[in-house]
Amino acid sequence: MKLFHTVLTTVCLASAISLYNVPVGAQPTIPYTEPWRPQFHFTPERNWMNDPNGMVFYEGEYHLFYQYNPFGDKWGHMSWGHAVSPDLVHWKHLPLALAEENGVMIFSGSAVVDWNNTSGFGRDGKPPMIAIYTGHYTGKPLQNQQIAYSNDRGRTWTKFAGNPVLDIGEKDFRDPKVFWREPTKRWVMVVSWPVHRKVRFYSSPNLKNWTHLSDFGPGGSTSGIWECPDLFPVKIEGRRNAEKWALIVNVGSGAPAGGSGCQYFLGDFDGKQFTPVKSSKSPTGETLWADWGRDFYAAVSWSDIPKQDGRRLWLGWMSNWEYAQDVPTSPWRSAMTVARELTLRQTPGGLRLVQQPVKELRSLRGPVTRSSFKSLTQGASETVSASGDLLDINADIKASRDAVFTLKLRSGATESNDLRFDIQSRQMRLDRKNSGKVDFHPKFPGSYSAPVRLVDGRLKLRILADNSSLEIFANDGEAALTSLFIPNSASRLIELHVERGSIARADFEMWPLKSIWKQ
Ligand code: FRU
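Residues numbered from 1 in each chain as written. Predicted model: local features only at pLDDT ≥ 70, side-chain atom pairs only at ≥ 80, totals over all residues. Heavy atoms only, no water.

Chemist: Talk me through the nonpolar core; I want residue IDs and the actual numbers.
Modeler: If you look at soluble globular proteins, the nonpolar side chains tend to sit buried side by side. Counting residues in each nonpolar core, the largest one holds 57 residues, and the members touching the most others are L247, F405 and F421. Among the elements that make up this core, the one with the highest residue count is strand β25 (residues 391–399) (five residues). For this core, the domains that each give at least three residues are domain 1 (2–357) and domain 2 (365–512). Aside from chain neighbours lying at most four places away, what touches F405 is I397, A399, L419, R420, F421, I423, L459, L496, H497, V498, E499 and I503. Listed in part, the 44 residues of the second largest apolar core include Y32, W48, F57 and A298. (Core = buried A, V, L, I, M, F, W, Y, C linked by side-chain atoms within 4.5 Å. Buried < 20%, exposed > 50% of the residue type's maximum accessible area, 1.4 Å probe, protein only. Helix = DSSP H or I, 4+ residues; strand = E, 2+ residues; numbered from the N terminus. Domains from an automatic or database assignment. Contact = heavy atoms within 4.5 Å.)

Printed below as a string of structure tokens:
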């Protein structure tokens, strides 16, 4: 039986690998025109995808690896898919990077460039790329940390013969994120201990031998398991050389919109221990959320972004574990968000993580259309016709303090995504109950709210609309809300309805976006 299974797996793997063995730099082999196929978000050609993994920049390429099932459109046979981009916008599919093998699935993890060849895997004076991932054993209750290396810009990978490199004999122990810390000349790993609601920190001189440093948690949101952590310094806007460390902890359930979501802690990291900023509410800090929508999970950041660039960049998996396997797209399932730049901003509520789409995305914009409305009072309705389904929208709304108004996005004859603002209660709420197909899972329809405020009497919005997703950024990225929708028909209008109070002025700028999959 066991032998049969091994033979079957080997045969399947061999055929899957040859299926994916497209030449480097190849464009997709299918047209990417299926219903709901995202046009400016990353999706695999076919089959199941979840977390982004191993994001690293090396020799002019942004690498994106991802949790991938080469054999089907539901979770299983987890392996690392692979794509590269010159600009964080256009992606080229590459062959499967790390395949499930000998009863070990390749779970989430990170990748680094080992500039000083601490691992000894470098060749011909060139640094190796090292992937650090979780080995998930299918035949026994065990997860441990393993490494693989590449000497050809990530095109082929060799699993280290001495794996695992870190094993504490636990069933749930996963998603290592590794970075180099120059002052101590050591690698630091942050890895999750999901059921304990802890992350653990380890240190290594060579990526092969790891020493335990400390643990953080439980704290913040603890109702769901802790997965996919990250730890990095982020610049504080408007203050030269000021930064704080962000500890990212994705939670499997219990996020504000329900199900899986991305929480973070702000604090300091001294090379051994993470100390959260003190809060009157809790010794481990306040519970903070990176995104208020239903569809932002497993977000982790890129390694090795060059110093002269200096940005902290990340993206997330644009789905939710509650219904991800039932989203009715085919032959692929799941997309990533756009790449986003992270900063910290001092707000009246305290220091907050701020996210904005990377500036490179503007290269997809076609000619702008502008519309302005003035003196809208209770009961007023205005409509803006969009120039397509793929849109980048800026809105600048000067509203009264008691204003309540709704922006109906991707609105058609029978459906829309309703984004309602209540300025007094400092809230925006996205309702997708009537957004199209919602009955594929009872947990898909719903409405989700995020905090917003007026800054100098104005509310600024940036909205990215793709064929089946909305990413909404309020006040230059202070609140992000990411949400899928599955429209039944063309729905191209944006409507503005004033329910209470008044809008002195509303200015819209709208750009049609080009598809990244067409030349
Ligand atoms: C998060 C996660 C990770 C794990 C991976 C498996 O979505 O559960 O913790 O490594 O997915 O695919």
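Chemist: Any chance you could break down the domain arrangement of the protein chain for me, citing the residues and the numbers?
Modeler: Assigned domains within the protein chain: domain 1 (2–357) and domain 2 (365–512). With 32 residues of domain 1 at the interface, the matching set in domain 2 holds 34 residues. Summing the contributions of domain 1 and of domain 2, the shared interface buries around 2,800 Å²; its carbon and sulfur component is 60%. It is W36, F40 and W292 that lose the most area in domain 1 upon contact with domain 2, and together they represent 24% of the buried surface on that side. In this structure, the connection of domain 1 to domain 2 is made through four salt bridges. Where domain 1 packs against domain 2, one counts 24 residue pairs in polar contact (both at pLDDT 80 or more). Counting residues per element, the ones that place at least two in the side of domain 1 that touches domain 2 are β21 (340–347) and β22 (350–357). Ranked by residues supplied to the side of domain 1 that touches domain 2, first place goes to β22 with five residues. (Buried area = accessible area lost by both parts, 1.4 Å probe. Salt bridge = Lys/Arg side-chain N within 4 Å of Asp/Glu carboxyl O. Polar contact = N/O pair within 3.5 Å; in protein donor to acceptor, adjacent residues only side chain to side chain.)

Chemist: Got a sec to walk through the site of the ligand? Specific residues and values, please.
Modeler: Neighbouring the ligand are N50, D51, Q67, W75, M78, F107, S108, R174, D175, E227, Y297 and W321. At a separation of 3.1 Å, an oxygen atom of the ligand approaches a polar side-chain atom of N50. Contact distances for the ligand include 2.7 Å between an oxygen atom and a side-chain N or O atom of R174. The fraction of the free accessible surface of the ligand (320 Å²) that becomes covered by protein chains is 95%. For the shell around the ligand, the secondary structure elements donating two or more residues are β1 (47–58), β5 (104–113) and β9 (174–181). By residue class, the composition of the shell around the ligand is five nonpolar, three polar and four charged. (Near = heavy atom within 4 Å. Areas by Shrake-Rupley, 256 points an atom, 1.4 Å probe, with all protein chains shown as cover. Nonpolar A, V, L, I, M, F, W, Y, C, P; charged D, E, K, R; others polar.)

Chemist: For the sheet that holds strand β28 (residues 427–431), give the residues involved together with the corresponding values.
Modeler: Taken together, six strands build an open sheet; the order of strands is β24-β33-β26-β27-β28-β29 and the sheet is antiparallel. Looking along the sheet, the strands with just one partner apiece sit at the ends: β24 (381–385) and β29 (447–451). In this sheet, adjacent strand axes meet at a mean angle of 15° when their direction is disregarded. Two elements, strand β27 (residues 417–422) and β28, share five bridges in a ladder whose sense is antiparallel. Of the residues in β28, the one forming a bridge with R420 is R429. (Pairing = 2+ DSSP bridges. Axes fitted to C-alpha atoms, helices over the stretch in contact; angles between N-to-C directions.)

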